[in-house]
Each structure stands twice: as C-alpha cells, then as structure tokens.
Amino acid sequence: MPEEKPTLLLIDGHSLAFRAFYALPVDSFVTRDGQHTNAIHGFISMLLNLLQQQKPTHLAVAFDISRYSFRTREYAEYKGTRGETPPEFVGQVPLLEEALHAMNIRTLSKEDFEADDILATLATRGAAEGYRVLVVSGDRDTIQLVDDDVTLLYPNVRGVSELKTYDTDAVIERYGIRPEQYPEIAALVGETSDNLPGVDKVGEKTAVKWIQQYGTVEELLAHADAITGVVGQNLRDQQDRVVRNRRLNRLVRDVELPYGPADLEREAIDPTAVRAVFDRLQFRTLLDRVFKIEGAAADAGLVDAEAGESTAISAPVVRTMIDEELAKWLQTQSKDGTLPLGLRIATVGGQVEGFGIASLTESAWVPWAPGRPDYTALEQWLASDAPKYLHDAKRQLKTLHSAGLELAGVAGDTALSAWLLRPGNKADSLGGLVYYYLGETLPEPDPSQLVPETEALNPATEAWYLVRLQAELDARLDPGSLSVQHDIEVPLVPVLARMELQGITVSADVLGELNSRLGTQAAEIAQRAYAEIGREVNLGSPKQLQEVLFDQLGMPKTRSNKTGYSTDAQALADLQEQHPHPFLELLLQHRDATKIRQIVETLQTAIGQDARIHTTYEQTGSATGRISSNDPNLQNIPVKTEVGREVRSAFLAGEGFETLLTADYSQIEMRIMAHLSEDEGLIEAFRSGEDLHRFVGARIFGVAPADVTPTMRTKVKAMSYGLAYGLSAFGLSKQLRIEVAEARELMADYFARFGAVREYLRGVVEQARVDGYTTTIFGRRRPFSDLGSTNRVLRENAERQALNSPIQGSAADIIKRAMLTIDAEIRAAGLASRMLLQVHDELVFEVAPGEREALTGIVTAGMAGAAELSVPLDVQLGTGPNWDAAAH
DNA sequence: ATACCTACGTA
DNA sequence: CGTACGTAGGTATA
C-alpha cells in the first residue's frame, strides 16, 4: 500500500477573515471591552473545521502586508474601487494573527506581494515536493493554481462555514475551461472588485468560447482580426486592457519566502497562550473546540514528541492510612515538617469526609470520622507549622474550623498564585488550573447528575496535583510577585479567615426600624409621583420611566445607552435643570429611599444566629490587589448621606466588648502618588501638615492657604483624585459642571506646579507599554495586553488602568501589610480585641474592655509603619458604640 | 432558570 | 471621555 501523501493547507488570511466579517453579524461578536471579533471568530471556526476534516500535516496562513503591492505600482488603480475598510474590521487582523501564533500556526507575508502570490509559491513547491495541497481563498484568481495535486476551497456566498471544493474537474464543469485558463477568461471579462475593466460586452460566455478556441489571450489577440461584430471591434480597441489584466492576474509562483512546505509542519498549540488570547477575545466554545481537536491530533501522533513528554508523569498509587502509619508517613514525606505537602479536604454536604495528602512521589487518603480517638497524628500535623499547599486555603480553613479542627502552616495556595500570575482573571478551580498550567485533565463530576458518570479524582491524587501545580506556578512567578505571595498574600489567608469567622454584630432592631420607616416613606413618595403623572408605573423600571419622561412628559432626550435613554441620577439632575418637573424630584427621592432600604434588607437577612454578619472576603477578587467583600458586601455600606449613616449605626460592638475602633489612612493614594512621582511640591504638601487640598489650591490659584475658598478646594480635590484615575479635562468639566476650557486650564495650572506628577503618570504608561505590566511598590504585577492596540477605546482604557494600578495596588499592599502586623501583635500581646472589617483604606476593630490604649498603639503603629514612603502615612482613629459613631 | 443591562452603594 | 468592586431589580432570552 502506498504511503499517504502529506497534506499542505494554505490559507489566504485576509480574504477569509474579510469573508467571515461579512458573513457574521458584527454586533453579535463584541467583547465587553468593545472589541469586534466576528471576523476572528468566523475564521477560527472555519480553520477548526478544516483541521478536523482535512487533517493537514502542514499548514500556513498568508496575509497581505498592505493594500499596496507590485500590482498597484504597475497599475495605480488596481483594487482602487475598494472602499474604506470598515472600522470594525480594522484591528481584528492583528488579533487573528496573535491567535494563530498561539496555536503555533505559521503566518507569512511579503512586502510588495499579495497573499495569493505566497499561496501560489507554496502550492507550486508543495505539489512538486509530493504534497496534497489545499488552497483556501476567496479570490477567484487562485483558480489558476488548481491541478492534480492542488485543490481550491472557495467560500460560497453564505460565508465561510461551507467551502466549495474545486479540483480540475469541478473547474471544468463550472467554467468550461481548464484551471490554468481561468486567468485568460478573467482578463477578458475583467474583475470589478480589483478595478480591472475587461472588454466591453464580453462576458463569461464569450470569453470561454474564445479561449476554448484559441487557448490563450495571446493567441486570441494574434487572431483578433478574425473576430467579427461589435465584440470583435471592442477586443481590438481594448486589447491593452486585456494584456494588462492578464499580466496582473498571473500569480507569482516564485516569491522568496523564509519557509518552504517542509517547514510548515503542524505543531502542538501553546495551551497557555491559546487560553490567554481566547480569553481576551471571550471565545469559550472555540476554546473547547481547539483543545478537543488538539487532543485528537496528539492521539494521531501529529504532535511532536517534546509536548508529549511533559504529560508522561503518572500519579502515585493512593494509600489509605491512619494513626501511627500516617504519623510515620507524614514525618518521612515532609522531611520532619520542612517539605511542603499538598492537602486536599474532602467534604460531603459540608461535613469533612477525609483528607488527601501528598508529596511529589507519594499520596495518602485519610478517612475522617469525628470523635474517633486515633487521629492524633493527623490533628497535630494539621495544627502544626509544617508547610502545606492548598487550593483556596481560606475556604478549607473555615471548613475545618466548623469541624473543630485547627489548620496552620499554609505555605502556598494555588488559587492565590494563579491570581498573582493573572490577576485580571476570575478564580479558576483546581481542575481548571491543572488543565491550564499542566495540560492535564482532571475528571470532574458533573454536578447536575445525581449519580455522576465520571468518578471524581481521589483527593489524595488531587493533593499530588497541588504539589506539582504549586511548583509550576512558583516557577512562573517573577521575584517581585513571589515576595508578594510569600510576605503578604499567603500569610493574610488565616487573618482574613479569622475576620470572617468573627463577623460583626448588627442590630436587627435598628435595621428593622429603618426598613419600615423607609418603606412607608417610599410608598408615600411613590403615590405622590403617580399623582404627578396621573398613572402608576414601576418606578424601578428604566424602561417604563423612559415612557413617562420622554413620551408622556416630552422631556429632552438624555444621553443614550443600550436600551434607550439614560434615567440615572446624573441624567435626572440634568433634566431637572433644563425641564423642571416635580416628578423628577420625587423619582430621585424614591430611588434614594428604596436603594437604602434594599441594602438594609440584604443586611437583615445576613444576620446570623450569633447576631453577627459574616462577610466573605475575596482575596483574588480584584485585578489591582485589593480584596473584595461579598455575601454580603460590607465594603459598600452607605456613609455619604444622613440615612446612609443610620445604616452604619446598626453595626455595633458585640456583647462583652467595650467599643468599636475605626482606623483609616487619610489620602493614602495621593501620598503614594507623591512618593512614586517624587514631586517636591506634593511631598512638601504632606510634610507641611497643612490640609492637602488647601495647600494645593493655594499653589494653583496663587493665594494664601487661608484664602482658598470652598469652591476652589472642591475643584482641586476633584482634580487631585481624578488624576490617579486618568481623568480627562472633559471628564473634569462634567464632574464640576464647568467649561471644558476652564477644566483644561485648571489641569494646566496643576501640572505647572506639580509637574513631576505628570511625568510620573506618563512614565507609568510608557513603561507598561514596554514591559507589558505595571508593578506596585512591593512588587505586585498586573499585566496589560491592550496598551498597543490600534483600537483607541481599548488602548485608552488600558492606559487609564495602567496609570491607576500601581497607585491603587500599592495602597492595597500597604493596608494588607498593616493587617498582618496588627493581627500578629494583637495575638502576641494576648489581647481579646480583634480586627473585624477591612474597607480598602479603613480597618474596623472590636475593643475588649480595658484594651483600648494597647490596641490603639498597635493599630497606629501597624498602619503608619506599613511602608516607608517619602511622606508620612497619616492614620485617623475613632471610637464609638457603633460604626457611625466611631467615625471621626 | 439564566444572562444581560441599568443603576448605585463604597474606596 | 475616571479606577476598583458587588448587588438587586427589570427585562429579554432559553
């Protein structure tokens, strides 16, 4: 049996992407950031189909470099009729190329040539070298490439999901001429899309007839005199066109290229890179398809040996053990408590069922039944400082706590490491990380099935994966991130766990009273609002409000959003100015009342048996390094309004405690900016002890600090804060309701006095563009991929994020360091007082009787000393029976 | 039921 | 056309 020919697949990237662009609805393929992806999606989808159906052994995609080539030099009007490329298409091609590179697919382009010339060259060489060649292009000129070894796949009108196959026979059937004769026909007929006019009155029928008779254009023109009638005259008159067309539509088959067919062997994809790119493009189903096809390719032996080797390690056999055997095993495997072991806790219905423990070479399953006496070894090891690797350690710690078990020695948390590597991504499961970083698939039972088909992995084997995964993650982390991991994030795990377990006492009575009062109020306001418009509507429905405001009341249109026109507070306030109406005021009041009421209700249902609310902190919840709070969110409890503060007053010092203590950093982000920018003016402002905004205002407006008016101070304050967010003059003008020109002037004045700030902010973005990431004072990184984007919206969004990240992230580092110190000192001093909440720049404590002074000292020192900046860290303290009263 | 959008609370 | 979050209700899809 003859050996099968290798298959060389050659794709015209631009033409296929363009076809896909028009085949798929633009609006259905947009990322959350506004990047259009329909062309990329269509292209990759088509590509995956081809990989699956044709199983190419060799593969390349060719792109045009620009719309200019030797053809436009020869004939300037070539392709001149083509309109502007749609803006939604621009920018998709570089991303497509990136995706292809991640899939380890070669892309080719050549200055002065079109993609089709590259295809022609490779097809010719491929056929000569014994390949079965498949050419995919939407350009009819490529028909000339078809022969016994070369087949053309051409997208039909419906787009790129179905490709029509043209081999020699199919071409003859369709056009009545041999493939190599197609350009002769095209030269006569002309090609509108390339702006190549043909002979007037000559269509496909006539051209085919002539070529069937004469074979080539050259022959035909030699016998042009023999052609009668108007078309014959036209041919003679316009033979220049024909000659030119024929010259231009001949594809070049000997372009000099860096690769020959043999260099285009299909390679294994880079799973990490593919996931990164596809994540960014928000391609979920395509990602699955890529990995599925890739898996099949690996089975078929197409993937090179190197990629195969890394998956060759197999899990150790799980041994079940308890008590003395376990004690000995733990000691050996951990080298007397010095070597980290993976730890996985198995639970059923929240009850601990057992423990999987593993080193790199051995794994053990330890079944757990509470109350049995023979667990000393296990309990000792768990509670000891012997290092352990876990996934989502905080959750495990809390689970164990509820089972009455203590856990210490958390030395690594794969969820944290993964977040430090890619802080913008949402938390992944252990299985997800193993798949991503180790390229192996863990069986995960389908939670929707009562009797799962796939049996879950033994926790002991999961623990073994933890050890491998932690090593892989550590290897990928840079030194700065490693120190953040080691010095901040990992030690913070038990601290946050304790805060969550402690919770904070909340008065159900205060909330209940507030709820009913707001309820009555909201109902009254609603009635009055209905009276104003003569009917009842759902005031909480933006859609119904739009009807009332813009149709019924005929108000001027506000700024538009995806579902119509905005009815948010800002828009309503603007409306009230232009077109005052009592309904607007009532609506705003109703919003206020119901919003606070909704918060109150959420809190009420969150109060536990212990009269306390236990939030959950998400340590991997933000891209900058902040922690977030959920279920319920205690980081957005109202404070700005009077009723808002009533909510705060429901948060109390618990039974047996004297008072609440709040401690916050004042203007920490501005201080960090002063430190990072080394701006002398700003540094002096903080060292002077003068009110920051007053100081800055005095400099900007050229008056004495005492003469800074409240208006001036407000403007300065808005600008100072806005700077750290990448605020524009436009944005500042909107916020302060002043002219753009005035805002611009204000900013100019600011930078004239505090020039180093501007230089710093500019430098951050520039550096990030070079490095691909930003860094905080303590070494935390945040990667950015869109700083070089040609899409302005994407790029400028990324720039503002990059500008803000070192500032917000450093502030997060600092308060986390303070929390670690304070927690350690409270425990070292044996105080009963405890840290309860963190709200980004504020900490809330519960003070035990008689400990106020000691605690105050620890907190102040811990917070002020959390970083050595070129300006002091100012800490404000306050105490009181409730959170509102404890504010200062 | 689920996914998206708008709106809005905090730092 | 200002960063970072979480939650809830309405609405349109399945």
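If you're wondering where the values come from, they're calculated on a predicted model, not measured in any experiment.

Before we go on, may I ask you to explain the protein's contact with DNA strand B in this structure?
Around DNA strand B, a shell composed of 20 residues is seen, among which Lys-562, Thr-567, Val-639, Lys-640 and Asp-841 lie nearest. Within 4 Å of the protein, the atoms of DNA strand B are drawn from sugar and phosphate moieties in a proportion of 87%. Contact distances for DNA strand B include 2.7 Å between a phosphate oxygen and a backbone N or O atom of Lys-562. Arg-626 has a polar side-chain atom sitting 3.0 Å from a base nitrogen of DNA strand B.

When you look at the layout of surface pockets in this model, what are you seeing that I'm missing?
In this model, the largest pocket occupies a volume close to 1,600 Å³. Considering the residues around the largest pocket, the lining is formed by 43 residues, among which Asp-279, Arg-280, Arg-422, Gly-424 and Asn-425 are closest to the centre. Listed by contribution, the elements that provide at least two residues to the lining of the largest pocket are helix H12 (271-281), helix H13 (284-299), helix H18 (414-421), helix H19 (430-438), strand S24 (781-783) and helix H34 (792-828). It is H12 that contributes the most residues to the lining of the largest pocket, eight residues altogether. Considered class by class, the residues forming the lining of the largest pocket number 20 nonpolar, nine polar and 14 charged.

Which parts of the structure should I look at to understand the side chain of Gln-35?
Secondary-structure assignment places Gln-35 in the loop between helix H1 (13-23) and helix H2 (38-54). Beyond its immediate chain neighbours, meaning those up to four positions away, Gln-35 contacts Phe-29, Val-30, Gly-91, Gln-92, Leu-95, Asn-791 and Leu-794.

Is there a simple way to explain a negative patch on the surface in this structure?
Judged by side-chain charge, Asp-147, Asp-148, Asp-167, Asp-169 and Glu-173 come together as a negatively charged surface patch. For Asp-169, the position within the fold is in helix H6 (residues 168-175). Judged by relative accessible area, Asp-169 falls into the exposed class, the value being 57%.

Can you walk me through the pattern of salt bridges in this structure?
When the charged atoms of two side chains lie near each other, side chains of opposite charge can form a pair. This structure, assessed with the given rule, holds 40 salt bridges. When the shortest N-O distance is used, the salt bridge between Glu-489 and Arg-780 registers 2.7 Å. Separated by 291 residues along the polypeptide, Glu-489 in helix H21 (residues 479-502) and Arg-780 in the loop between strand S23 (773-775) and S24 bring together distant segments of the chain. Residue Arg-780 is classed as buried on the basis of its relative accessible area of 4%. Close ionic contact of Arg-626 with Glu-669 constitutes a salt bridge, the shortest N to O distance being 3.6 Å.

What is the right way to read the sheet that holds strand S13 (residues 388-390) from this model?
Through backbone hydrogen bonds, the strands of a sheet pair up, either in parallel or in antiparallel fashion. The six strands lie next to each other as S9-S12-S11-S10-S13-S14, forming an open sheet whose pairing is mixed. Two strands lie at the open edges of the sheet, namely strand S9 (318-320) and strand S14 (410-413), each paired on one side alone. Across the sheet, the mean angle separating the axes of adjacent strands is 30° when strand polarity is ignored. As defined by bridge partners, S9 adjoins strand S12 (residues 363-367) across three bridges and the pair is classed as parallel.

I tried to follow the UniProt feature "domain: DNA-directed DNA polymerase family A palm" (unreviewed entry) in chain A on my own but got confused; where do I start?
Those places that UniProt annotates as "domain: DNA-directed DNA polymerase family A palm" (unreviewed entry) correspond, in this numbering, to residues 644-851. The span residues 644-851 shows a helical share of 60% and a strand share of 12%, and its end C-alpha atoms are spaced 30 Å apart.

I tried to follow the confidence of the model for chain A on my own but got confused; where do I start?
Fine structural detail should not be taken from predicted coordinates in areas where pLDDT scores are low. In this model, chain A carries a mean pLDDT of 88, and residues with pLDDT of at least 70 account for 94%. Per-residue pLDDT stays below 50 along residues 299-312; that stretch engages in 12 contacts with residues further than four places along the chain or on separate chains. Scored below 50 in pLDDT, residues 446-454 makes four contacts in the model with residues more than four places away or belonging to other chains.

What counts, and where the lines are drawn
Counting starts from 1 at the beginning of each chain's written sequence and moves along it residue by residue. Working convention: letters from A go to chains and numbers from 1 go to ligands, in the order in which they are written. Restriction of local features to residues with pLDDT of at least 70 applies here, the model being predicted, together with a cutoff of 80 or more for giving and counting side-chain atom pairs; totals for whole chains, interfaces and linings are based on all residues. Side-chain metrics rest on all non-hydrogen atoms present in the structure, leaving aside hydrogens and water. Nearness is defined per residue: one heavy atom within 4 Å of the molecule or strand is enough. Any N or O atom pair separated by 3.5 Å or less is treated as a polar contact, with the protein-specific requirement of one donor-capable and one acceptor-capable atom, and with residues adjacent in sequence counted only for side-chain atom pairs. The rule is simple: put a 1 Å grid over the protein atoms alone, call a set of points where a 1.4 Å probe fits but cannot get out a cavity, call an open set with protein on both sides within 12 Å along at least five of seven lines a pocket, and count a residue as lining if it has an atom within 4 Å of a point. Grid points are joined across faces, edges and corners, and a volume is the space filled by probe spheres set on the points. Strands here mean DSSP runs of E at least two residues long; helices mean DSSP runs of H or I at least four residues long; both are numbered from the N terminus. Each residue gets one of three labels, nonpolar for Ala, Val, Leu, Ile, Met, Phe, Trp, Tyr, Cys and Pro, charged for Asp, Glu, Lys and Arg, and polar for the others, Gly among them. Residues count as neighbours in contact if any of their non-hydrogen atoms are within 4.5 Å of one another. Here a patch means residues that are over 30% exposed by relative accessible area and free of salt bridges, tied together within 9 Å if like-charged and within 5 Å if nonpolar (Val, Leu, Ile, Met, Phe, Trp, Tyr). Method for areas: the Shrake-Rupley scheme with a 1.4 Å probe, in which residue coverage is limited to the protein chains shown. Should a side-chain nitrogen of Lys or Arg be within 4 Å of a carboxyl oxygen of Asp or Glu, the pair is scored as a salt bridge. Only four residue types enter the charge count, namely Lys and Arg as positive and Asp and Glu as negative; His and the chain termini do not. The atoms used to mark charge sites are NZ of Lys, CZ of Arg, CG of Asp and CD of Glu. Partly exposed residues are those whose accessible area sits between 20% and 50% of the maximum for their type, while under 20% is buried and over 50% is exposed, using a 1.4 Å probe and protein chains only. The pairing criterion is simple: DSSP has to find at least two bridges between the two strands. For every element, the axis is a line fit to its C-alpha atoms; helices are fit only across the contacting stretch, and the angle between N-to-C directions ranges from 0 to 180 degrees. UniProt positions are given in the numbering used here, feature names are shortened, and annotations may be inferred rather than shown by experiment. Confidence of the predictor at the level of single residues is given by pLDDT, which spans 0 to 100.

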